[in-house]
Amino acid sequence: MREKEVIYGLYNDEVDLLNAVKAANADHLDIMDVYSPFPVHGLDPLLGLSESRLHIAGFIFGAIGTLTAILGMSWIHAHDWPNVFGGKPTLAIPSFIPITFELTVLFASIGMVVTFYTVCGLGPGVNNKTLDDRISDDKFCIAFDTHDGDSSHIDKYKSFFSKTGADEVNSKII
Amino acid sequence: MSAIVSPIREPLITGNKSYHDITEDLVSPTEKAPGLAWMLAMGLAVTCLSIGIFCILWTIWKGIGSWNLNRTIGWGWDITNFVWWIGIGHAGTLISAILLLLRQKWRTGVNRAAEAMTIFAVICAALFPGIHVGRIWVVFFFFPYPNTRGPLWPNFNSPLLWDLFAISTYFTVSLLFWYTGLVPDFATVRDRASGFRKKIYSFLSFGWTGSAKHWQRWEALSLVLAGLATPLVLSVHTIVSFDFATSVIPGWHTTIFPPYFVAGAVFSGFAMVLTLMLITRKILHLEDYITIAHIESMNKVILVTGSIVGVAYISELLIAWYSGYVYEQFAFFNRALGPYWWSYFGMMTCNVLSPQIFWSKKMRRNIFVTFVMSIFVNIGMWFERFVIIATTLARDYLPSSWSLYKPSIVEVGIFIGTLGIFFVLYLAFTRVAPVVAIAEVKHILKSSGDQYAGKNAHHHEYEDLPKEKHAHSHGGH
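What this report covers is the structure whose coordinates are included nearby. (Residues numbered from 1 in each chain as written. Chains lettered and ligands numbered in written order. Predicted model: local features only at pLDDT ≥ 70, side-chain atom pairs only at ≥ 80, totals over all residues.)

Topic: the overall build of chain B
Part 1 of the argument: A count of helical and extended segments in chain B gives 15 helices and zero strands.
Part 2 of the argument: For chain B, the C-alpha radius of gyration of 24 Å lies close to 23 Å, the compact-globule estimate for 477 residues.
Part 3 of the argument: For chain B, the C-alpha atoms occupy an extent of roughly 90 × 50 × 45 Å along the three principal directions.
Part 4 of the argument: Relative to its full complement of 477 residues, chain B shows a buried share of 51%. (Helix = DSSP H or I, 4+ residues; strand = E, 2+ residues; numbered from the N terminus. Rg over C-alpha atoms; globule rule 2.2 N^0.38 Å. Buried ≥ 20, exposed ≤ 12 C-beta atoms within 10 Å, placed from the backbone.)

Structure (structure tokens):
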């Protein structure tokens, strides 16, 4: 990823953050990203973030689990090595239900979690540069991409930060 | 803002905390050297673990004959302990998953530790199916994979195999759910750490930045995992109950077992969570995060599930009488009046009588009473499984086959070993990870902190609603 120079402001409270994002929208400023120590409700629609589609991935993986279980057990017990267990028919669907359910949940969970880390670009050994160590503590951050230090942009952002009450303003190359 | 919380509700975070205070309080136990209490507890736990390892190796070397299982009691302390540990594990998932779906904010004080407890309890439980089969070196036979023995497949109609899938799935999903929640908290620890500790927590936090989109997906993932974990936890103990219910043994072959076992699991799980949390909050000074309100809520769950278990016991007795089936009737005479009558009365006293104390609000909010009760419930639930398994098997259909069982020293040693595994893992967890969910507690501060809710609230959410002017920030509270 290209290195970019980022100018960011830190806020002390999520209400200030929400107000600032609204102000940025009103001024048509292009926010690069917003960082917070916990999920801030009301932020996603303001940033224009579309809803997560992870549940669709979950459903698809779950369906794969269901099919794997049902088809696997049916093939094993009715075709590959049919046995009579307790007088049951070889295709004992009610007996197959518990394992089918378990594999559905297992595949859905593993699939969704792996998808989550993949689309977020997170994982063991991933080292993303964070703008400030206090963001995971108690600061809320709005970051703008300065597009390589264009001074008119920088002034615009700085005045935006002072207008919205940012506690600190810094810039960093990430 | 999240859903409006009535200002007359009891606060869930006391001590007038700010976000930074929360970080400080919850991360600092991982940054300090362990105190004497931790060292002593860890020493004891490691001793128990060593006893367990020795006894397990003895069992594998000498065979199941070193246990006292025999006709007709083929399942004794091994399966009693297995079901006990699995039951304990259920509270973690209930607290994280079901209470998330029910929007109970108080879950945030205890969910991280409870989920960790679930994972460690399932590890202890999973030991028993492995070692009780005798030939642990061919235990991979359980798994359905194409092999050169036919291919020989396991029997998918057997509840014992359903158990294997259920417990493996339960362990995996609990681990994933727990770890997903831990990633942002590890990032908090990482950002305060330096040197080698920083490298470790960087690795563990997966590069988490706190970006809005990531939080959005994190919340969506937590919600769907909670939705999956809820039927999962209900199904796991149902499937464990099927190990008994699908048999023909009187006292086992009853349809009440699935709900009875699930309620009993939640009951014993919450008791273990309370035992752990009461000690943890004292030692790590977390009384502001695991408040009396949390303890009272957990005691209410114990009261409800204990009563359900009590109703289940009475139903069993009623149906045994009503059915007119002599073998079922005898099974219950035997439990109450046979050679193991003391375990039945222990079970009844600990599980049915003692939780009734929690009808009193004063008792629900009393820490000492809660602690003693949590121990009683754990003991009572152990007796319940012993009553179901060993006493029933000791006296089934054919009187000429009747026998008695008492555990060998090796079996007792293995049980002690599982307590050792559990506490070693739990104590290690309290050192390396934040015991309370940091991000989730911060998330509820504005609605449930004692500055905002409860008798001493002086700050109300509506004061913080966005105003028209952006002239100045609010500053500290």
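Remarks on the overall build of chain A
Part 1 of the argument: Scanning chain A from N- to C-terminus turns up five helices and four strands.
Part 2 of the argument: Radius of gyration (C-alpha) of chain A: 25 Å, far over the 16 Å computed for a compact globule of 174 residues.
Part 3 of the argument: Judged by the C-alpha coordinates and their principal axes, chain A covers about 80 × 30 × 30 Å.
Part 4 of the argument: Looking at the 174 residues of chain A, the share that counts as buried comes to 40%.
Part 5 of the argument: Across chain A, every contact between residues at least 6 apart in sequence was considered, and the portion connecting residues at least 24 apart equals 78%. (Contact = placed C-beta atoms within 7 Å.)

Quick look at the packing of helix α8 (residues 257-283) of chain B against helix α9 (residues 292-323) of chain B
Residue and element names in this part refer to chain B.
Part 1 of the argument: Viewed as axis vectors pointing N to C, α8 and α9 meet at an angle of 150 degrees, and their least axial separation amounts to 8 Å. With respect to α9, the axis of α8 lies roughly antiparallel. Between α8 and α9 lies a crossing of left-handed hand. Mapping the contact onto sequence places Y260, A263, G264, V266, F267, F270, A271, V273 and L274 in α8 and I295, M298, V301, I302, T305, G306, I308, V309 and A312 in α9. (Axes fitted to C-alpha atoms, helices over the stretch in contact; angles between N-to-C directions. Parallel < 35°, antiparallel > 145°, perpendicular 65-115°, else oblique. Left-handed = near helix turned anticlockwise from the far one by under 90°.)

Observations concerning the sheet that holds strand β1 (residues 5-11) of chain A
Residues and elements named next belong to chain A.
Part 1 of the argument: What the four strands build is an open sheet, ordered β2-β3-β1-β4; its pairing is antiparallel. Lying at the two open borders of the sheet, with one neighbouring strand each, are β2 (33-35) and β4 (168-173). Each strand axis lies, on average, 25 degrees off the axis of its neighbour in the sheet, ignoring direction.
Part 2 of the argument: Of the strand pairs in this sheet, β1 and β4 are connected by six bridges, and their pairing is antiparallel. Counterpart to E5 in the pairing with β4 is I173.
Part 3 of the argument: With respect to the sheet, helix α1 (residues 14-26) is in contact with β1, β2 and β3 (140-145), its orientation differing from that of β3 by roughly 25 degrees. (Pairing = 2+ DSSP bridges.)

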